[in-house]
Every structure is written in structure tokens, then in C-alpha cells.
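Spelled out, the chains give:
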Amino acid sequence: MTTKAPTLTVALVGNPNTGKSTLFNALSGLRQRVGNYPGVTVELKKGTVRHGERVWELIDLPGTYSLAPRSPDEMVAVDLLLGRHSHEPAPDVIISLVDATNLERHLYLTTQLFDLGRPVVLAVNMIDMAAAQGLQIDYAALSQRLGVPVVPIQANKGVGLDELQRAVEAAAEKNQPPPPVPFPEPFEQEVAQLRPLVGEAVPPFLLRRALLDVGGSVESDLIARGGEAVRQQLHAARERLAAAQCPIPAIEARTRYAYIRSLLHGVVAAPPQRVRTWTDRIDQILTHRLWGTLIFLALMFLMFQSIFRWARPAMDLIDSGREAVSAALQNGMPEGPLRSLLVDGVIKGVGAVLIFLPQIVILFGFIAVLEDCGYMARAAFLMDRLMSRCGLSGKSFIPLLSSLACAVPGILATRVIENTRDRLATILIAPLMSCSARLPVYVLLIGAFLREGYPSWLPGVVLFAMYLVGFTVAPLVAWTLKRTLLRGDTPSFVLELPPYRRPHLGLIFRRMYDAGRAFVVRAGTIILAAMILVWALLYFPDADAQGRSYPQRIAEAEAAVEELQKQTSHEAAGPDSAGHPPQDAVTHQILTEPKRLMAEWKRQSWLGRMGLALEPVFRPLGWDWKLGMAVLASFPAREVVVGTLGLIYEVGDVDPGAIAEEGNEETEQTASLLHALRQEWASDPVRGRYPIAVALSLMVFFALCCQCASTLAVIRRETHSWFWPAFTFVYMTMLAYAAALLTFQVGAVLTDWLT
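Position numbers for residues start from 1 in each chain and track the written sequence from start to end. The predicted origin of the model limits local features to residues at a pLDDT of at least 70 and limits the giving and counting of side-chain atom pairs to 80 or more, whereas totals for whole chains, interfaces and linings rest on all residues. Only hydrogens and water are set aside when side-chain values are computed; all heavy atoms of the structure are taken into account.

An unreviewed UniProt entry annotates the protein as Ferrous iron transport protein B originating from Thermogemmata fonticola. UniProt positions are given in the numbering used here, feature names are shortened, and annotations may be inferred rather than shown by experiment. You can read under Sequence similarities (unreviewed entry) in the UniProt record for the protein the words "Belongs to the TRAFAC class TrmE-Era-EngA-EngB-Septin-like GTPase superfamily. FeoB GTPase (TC 9.A.8) family."

A. Focus on the overall build of the protein. Along the protein, the regular secondary structure elements total 33 helices and nine strands. Only protein chains enter the accessibility calculation, which uses a 1.4 Å probe; a residue is then buried when its area is under 20% of its type maximum, exposed when over 50%, and partly exposed in between. Within the protein, buried positions represent 52% of all 755 residues. Sequence separation of at least 24 residues holds for 74% of the intrachain contacts in the protein that already meet a minimum separation of 6. When the accessible area of the protein is evaluated, it comes to approximately 34,500 Å², of which 60% is carbon and sulfur surface. Strands here mean DSSP runs of E at least two residues long; helices mean DSSP runs of H or I at least four residues long; both are numbered from the N terminus. When checking whether two residues touch, look at their non-hydrogen atoms; a contact exists if any pair is within 4.5 Å. The method behind every accessible area is Shrake-Rupley, applied with a 1.4 Å probe, and residues are considered shielded solely by the protein chains displayed.

B. Examining the packing of aromatic side chains more closely. Side-chain rings of Phe, Tyr and Trp, where Trp is taken by its six-membered ring, are said to pair if the distance between their centres is within 6.5 Å; with planes under 30 degrees apart they count as stacked, over 60 as edge-to-face, and otherwise as tilted. Evaluation of the coordinates by the stated rule reveals 16 aromatic pairs. For the pair F183 and F187, a centre-to-centre distance of 4.9 Å together with 35° between the ring planes defines the contact as tilted. The pair F183 / F187 is uniform in exposure class, with both members buried. Between Y442 and Y467 the ring centres are 6.0 Å apart and the planes differ by 75°, which places this aromatic pair in the edge-to-face class. You can see Y442 sitting in helix α20 (residues 439-449) and its partner Y467 sitting in helix α21 (residues 458-481), a full 25 residues away along the chain. Look at Y442 and you get buried, because its relative accessible area is 0%. For Y467, a relative accessible area of 18% puts it in the buried group. An aromatic cluster is built from Y539, F540, Y550, W601 and W606, whose rings are joined through pairwise contacts. The aromatic ring of F183 is capped on one face by R208, whose charged end is 5.0 Å from the ring centroid. Put simply, a charge is over a ring when the Lys NZ or the Arg CZ is close to the ring centre, within 6 Å, and near the line of the ring normal, within 35 degrees.

C. Looking closely at helix α32 (residues 709-719). Among the eleven residues that make up α32, ten are buried, leaving the element largely enclosed by the rest of the structure. Listed as buried for α32 are A709, S710, T711, L712, A713, V714, I715, R717, E718 and T719. At the C-terminal side of α32, H720 shows a positive phi close to 55°.

D. Representation of helix α5 (residues 139-146) in the model. Along α5, the positions that sit buried rather than exposed are A141, L142 and L146. For α5, the angular spread of buried residues about the axis comes to 125°, placing them on one side. Exposed side of α5, more than 90 degrees from the buried face: A140 and Q144 are the residues found there. Residues of α5 that are buried sit in contact with α3 (103-114), β6 (120-125), β8 (150-152) and α11 (250-264). Side-chain atoms alone can form a polar contact between residues adjacent in sequence; in general such a contact is a pair of N or O atoms within 3.5 Å, and within protein one must be able to donate a hydrogen while the other accepts it. N-capping of α5 is provided by D138, with a side-chain oxygen placed 3.3 Å from the backbone N of A140. Looking one or two residues past α5, G147 carries a phi angle of roughly 85°, positive in sign. Think of the arc as the fan of directions from the helix axis to the C-beta atoms.

E. Here's a closer look at the pattern of salt bridges. A carboxyl oxygen of Asp or Glu within 4 Å of a side-chain nitrogen of Lys or Arg is what we treat as a salt bridge. For the structure on display, the rule yields 26 salt bridges. Note that E252 is salt-bridged to R209, the shortest N-O span being 2.7 Å. Within this pair, whereas E252 is found in helix α11, its partner R209 is found in helix α8 (residues 204-212), the two being separated by 43 residues in sequence. Among the residues examined, E252 registers a relative accessible area of 5% and is labelled buried. The buried category is assigned to R209, whose relative accessible area is 2%. For the salt bridge of K566 with E562, the shortest nitrogen-to-oxygen distance reads 3.9 Å.

F. Geometry of a nonpolar patch on the surface. Only residues whose relative accessible area exceeds 30% and that take part in no salt bridge are eligible for patches, with like-charged residues grouped when within 9 Å of each other and nonpolar side chains (Val, Leu, Ile, Met, Phe, Trp, Tyr) grouped when within 5 Å. On the surface, I285, L290, W291, L294 and L297 cluster together into a nonpolar patch covering about 510 Å² of accessible area. With three residues, the top contributor of residues to the nonpolar patch is helix α13 (residues 291-332). If you trace the backbone, L297 turns up in helix α13.

G. Quick peek at the environment of G688. Considering the arrangement of structural elements, one finds G688 in the loop between α30 (668-682) and α31 (691-704). Relative accessible area serves as the criterion here: at 34%, G688 is assigned to the partly exposed category. For the pair formed by G688 and R678, sequence separation is ten residues and the distance between their alpha carbons is 8.6 Å. Ignoring anything within four residues of it in the chain, the contact list for G688 reads W681 and A682.

H. Broad picture of the pairing of strand β5 (residues 93-99). With respect to burial, β5 is a largely interior element, seven of its seven residues being buried. Judged by which residues are buried, β5 turns out to be covered on both faces: V93, I95, L97 and D99 on one side and I94, S96 and V98 on the other are all buried. Criterion used throughout: strands pair if DSSP finds at least two bridges between them. Note: strand β1 (residues 7-14) against β5, five bridges, orientation parallel. Counterpart to A11 in the pairing with β5 is I94. In the sheet, β5 pairs with β6 via six bridges, with the strands oriented parallel. Across the sheet, residue I94 finds its bridge partner in β6, namely V120.

I. Focus on the packing of helix α19 (residues 420-429) against α32. At a minimum axis separation of 11 Å, α19 and α32 run at an interaxial angle of 170°. Regarding the angle of α19 to α32, the classification is roughly antiparallel. Here R423, L424 and I427 of α19 lie close against α32, whose contacting residues are I715, E718 and T719. Note on residue categories: nonpolar means Ala, Val, Leu, Ile, Met, Phe, Trp, Tyr, Cys or Pro, charged means Asp, Glu, Lys or Arg, and polar means any other residue, Gly included. Split into classes, the residues belonging to the contact of α19 with α32 amount to three nonpolar, one polar and two charged. Note on definitions: angles span 0 to 180 degrees between N-to-C directions of axes, and those axes are lines fitted to C-alpha atoms, for helices only across the stretch in contact. Should an angle fall under 35 degrees it is called roughly parallel, over 145 degrees roughly antiparallel, and 65 to 115 degrees roughly perpendicular, with every other angle called oblique.

J. Up close: unusual backbone geometry. The peptide bond linking I248 to P249 adopts the cis configuration, its omega dihedral lying at 5°. Within the secondary structure layout, P249 lies in the loop between α10 (228-243) and α11. Residue P541 is bonded to the preceding F540 through a cis peptide linkage, with omega at -10°. If you trace the backbone, P541 turns up in the loop between α22 (505-539) and α23 (550-572). Look at M126: it is not a glycine, yet its phi comes out positive at around 60°. Among the structural elements, M126 can be located in the loop between β6 and α4 (127-132). Even without being a glycine, H720 presents a positive backbone phi close to 55°. The class of H720 is partly exposed, set by a relative accessible area of 22%.

K. Examining the side chain of S634 more closely. By secondary structure assignment, the location of S634 is in the loop between α27 (625-633) and α28 (640-648). Engagement of the side chain of S634 in a polar contact is seen with the backbone oxygen of V631, the distance being 2.7 Å.

L. Broad picture of the nonpolar core. In these notes, a set of buried Ala, Val, Leu, Ile, Met, Phe, Trp, Tyr and Cys residues joined through side-chain atoms within 4.5 Å is what counts as a nonpolar core. Within the largest apolar cluster, 108 residues are counted, with the highest numbers of intra-cluster contacts made by F296, I429, L432 and W623. If we ignore the near neighbours within four places in the chain, the residues touching W623 are F618, G628, V631, R687, V694, S697, L698 and F701. Within the second largest apolar cluster, 61 residues are counted, among which are L107, L122, A130 and V181.

Pasting the structure below:
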């Protein structure tokens, strides 16, 4: 009698759109986590299942159509199934999940699982949809012919899950792998001849895959181990098989599908004519070139309205909480570097990340609904024609569109793209989309230099043009990447249109929670460190040339302002006063002294000195050291630029949200900054002569530069490499500089010509 193991390892494998995530959540509930593997982007979800006295470790592998690994990412799943991964034991049982409405195609993957030599349980999902199509399946006969337990289930309703759990327990007890699909004798002979070259350590499954998958990951691995002799043997074996009417790789599909068709004969009974379902009727509209596109645009409009509008109350609440914590620290701690670090570095750094959390959660809620109901596949189908012209597929469109709100969720949304090169290309161009954090810069400069004295329609046109910059440049960059760094065979866009189904609320909320948690925990740590670094560069040195402390001098100046305001208020309330007395030069100096000291401090800071040192680099763009310093400060998070400009131009800290919200220019701080920009630029020989060219140059730079530490952190997270975020930062900075240079120089020439 076999003794039960304390923990049963169960792997869940299936095609995309088979309800695998729904089944995983139904079995594991909230007892789940994500397992990451070094050097790869693939994530394997893990969950805990309790069945009687037994505890299962349930592993949900990414959806796939085949076990032919074409990349290291896909190889991780195969190694895990074979028990070759050092972090995970071999699965005791494999659950193969298939769609009852498409058994012939989905059993292809199941027959590949048979080659692994592990016990398999076949779970046939969506039995309700099969019944609606008039399909009748003899599950007992199918089980007998396959040699594995077959359990009909409806995962979204929990139907058949108890039977599935009992079948898994029984398969683990029996520990009998199913018989593999028999291949032609010439193929088996060639596999046997390969064995002496690679040794006994290579599992039979990998040996067969090396022969079947031309240029695949297994072949590359075996050649790296065995050298040129393995390469020559594989090439000769494939030539002999082609001569024996067993061409590679066609022999696998031919053999497996012939086996599956004979297997299903007499097991599946279909009506004489295919039943026209409500999915077919809906698709006539949603996949129509005109009506489908209009509905898609309407849905995208609704999604982005929700991101920009619905998230605002939650974002304001988070911002209020940040301000409350900041005020509490300021009131409860003495003046000094520690308080400044906590308030200006840590609190502002964390707040800069958390304020985007509502947008992340809402976006992923929409994506989860669209994916779960089956619409996302239709959207990718509609956009494929457009995206294919720049070397991408239709699946890249949604992540790029999502990046208009924030590049972080846009990059996270690329996980729906199976092809590695397409996914990486989409990640690299997603930051080119103008996100909401760029809006304050656009509105500030447009309001300062393109509103007064110009037609009322011009500011809107310029703002649209700034967004158009990203839409124009991104496809060109993608086209270049797909022909250089990411060169390779263009994969055919194979897309399954799953039947429409009601979204599963538990799965949607789980996706929203996972996305929010990943954003806060992973990206937040990096941007927090970056904000602390910028704080240090702006804070130190904190004393002037005579050794006097800037924080102390500013505190004294603020106390003088407060005392003056009290005195003025008292005099204005006196019986002989007709109102506020006019400000004289001394009063004005006292009132402006804190801002002047703050600007002087920032000029003398390390970041200010860097701006002064790099002024020759910025001068061809029409910028001075102040604009250059603001740009340098904004590299961790571009929202910082407006506040930095407020400090540099001695008007105090400016809230970028006040500027971005409906183009608001009415607050005192914002109006002061606009006035300061116009006044100082007017007295400068370059910016006074070419203010519009300089403003456009700065806006174009922000439109194309990757000034966002959280975006770079997420690229690092998604690619598991520091190379790609570094590449993104360098190429976007160079592109932004070149475009800003061209914008200013052309603008200056046009200004001279027109005047």
C-alpha cells in the first residue's frame, strides 16, 4: 500500500481561453502567490488546495498551445513539468484542461503531456457551452481510449470540482503515466540514434523535442552541451526522415491529429449542421470593420474616461493622506536633514507612486473584464491590420493605448503578448505615449506662451500635437527595432476567438489586487530610492559660502513674514485704517526673502551645480541652467518639473495637479509661475526672441524622454534585465534631445523669417 505524501504537487496546464485561471481560483481561493524564476519573465502562479487531510501545491502554468519551447521563458515550464527545476519538485499529477467545444485541437497539447511520463487527469471544461452547441461527449469512452481519468467540469459554476479533486488523488495513488502517442518507426529509430551523443541524463521527452523543434530552445541547449556532432546528427536525421516521408516538423501535427481524430470517432457526436450561437451573432457586429471599430473606440473612450475621471476621488484621497502625514511630520519634528528627508524624500517619493494606484487598479479591472468576457481577442483582431505595418500584432494596441494614462500599467498589460520579441518591442515603445504626468508641463507652457494674443483654438491644437508626437514616433521606433535589435522571423498572428461568457467577479478582483500590489511593492521601492537621491542632490550642501545654514535662514525669513503679516493684519483692523497699507520695498523684500533663499539654495545645491555645468549642453535647445536643472530633477518622475520650476523661479512649490486639472491657471502659485516665466524669458536675449520655439522644444523633450523611475523599474521587473531599462533610458533621451534640438532650431529660423 502506498503511503500518502504530506503534500501533493499538481500542475495545471491548458491552452489560452480554456478557463484555466477560473479553475485555479476556484480550487485555491485566496491561498495563492506568484513564483518568479531568475532570468525569465514568466510567472507561475501557485496556490494551496486542501482536500481532506491532503494539502496540494497547485501550480498554474502560463497558457500555451504546445510544449515546444522556443525561448528560455517557455523552457521554464517544460523543466518544471519534467522535475528539472531546482526550486520546484516534479509534479505528482498534471491536470490537462481542455475546452469541450474544441476537443480536437486542445487534445494536441494533452497528447504532448503524455510524453512527459507523469500521471495526467483530463478536465473537460465549458460543458454548458458544448451542450448549447448540441455536442454530446461520451466521457467514459474517452477516458478508456486515452487511458487517463476524464472529468467534465464547469469551472465558473464549480460544477465537477469535487470529482476532479478525487480523480487527482486517485491518479497520484496509482502513479501510472498514460501511454504516449505512437510515432512512425523511422522517427523512433532516429531518436534512438541520438541517445549516445547526449547521454542518459537527457529525458526522452527533450530528446524527441530536439528532433521535432527546428531551432528551438531544446536543440540549442543540446548543441551547447554536445557540440557540433549533435548539430550534424540532428541535421542528418531530419534529412533522412524527410526522405522517409516523415518531414520535420509536419510529422508531429500529422501523427497527433490522426491519433486524436481516431480517438474521438464515436466519442463526440455533433449535430448535422453547426448550431449558430449568440457568440456568432454578436461577432457579426463586434468584428465588423466599421461597426466593430466604432464600438472598440467607444469602449476605449469609456476606459480612459474611467482612468482619468473615476480615479480622481481616490487619487485626491491618497494625496490628502500624503499631505496629512507630511504636515504631521513637519509639526512633530525639529527642522533638519532628517525631517526634510522624511517629508521631501520619503513621503513625496511614496506619494508619487501611490497616487497612480487607483489608475492601475481601474485599468486592470477593465482589462480583466474585457479578457474574461472574450472581447479582448476581438479588439486584437480589429487592430492587427494597423499594428502589423510597424512589425507588431494587434495584441500590442491595448498596452500602447493604456500607456496614455500611465506607462506602468501599459507595460504590465504586455503580458497578454505571447511572442517575446513583440512583447519586448511593445515594452520599449510604451513610454513614448504621452502619459498623464506630462500634461502639467504641456498646459503650463501652452498657457504661458500660446494663449494670450493667439486664436482660442491654438492651445488645443498644440496639446493634441504633443500627444500626436508619441503616436507618430512609437510606430517608427517599433519598425526600427523589429529590423535591428529584435530582428527575427515574424510570427503568424494566430488568434482564437473564444465564446463570450459572463466575467467572473472573483477573478477580476484578484487581477486588480495583484496588479495594485505588484505596482506598489515592486515599482514603489525603486522610485522611492530615486526620489531620496534627488532630495539629497537638491538638499546638499545646505549652507552658503559663509557657512550659514539655508534651512535656518529660511525659517527665520518665514518667521519674519509671519510677524509682518500679523502686524499688517493688526494695522488693517485698526480704527484709522481704510484697508491694507501699500507694500513698500522693505515689505516686499521681507515677503519674498524665503522664496529668494530657497532659489539660492537650489542653485548652490549639487543638482543646481550640475545644471550650471551642463548649461552648454542645453544651450542649443534654447534652455538656460534653470530649465536644465528642472529637467534633471524630473528624471525620476516628470511630475517634479513643475514644482522644481516653482522653486527655481522663486514662487514656491507648485502643485502639478492644479495645473493639469482642466488647465487651471487661477491659483496664486500657478499664476505667479506663469508670470515669472514670461517676465524672465522676456529679458533673455534667446528666450525673449524665441519663446514659442523654446516652449515647444521643452514640450517635445518631455514628450519623448523617459523621465519616470517607476517606468524603468517596471521594465526591469518585466524583462528581468537591467539592459533594457538602460537601453530605453538612453535611446529615449537621445531621441528627445535630437527632436528638441530640431524643434528649437527650426522654430528659431521660422521666427526670424516671419519677423
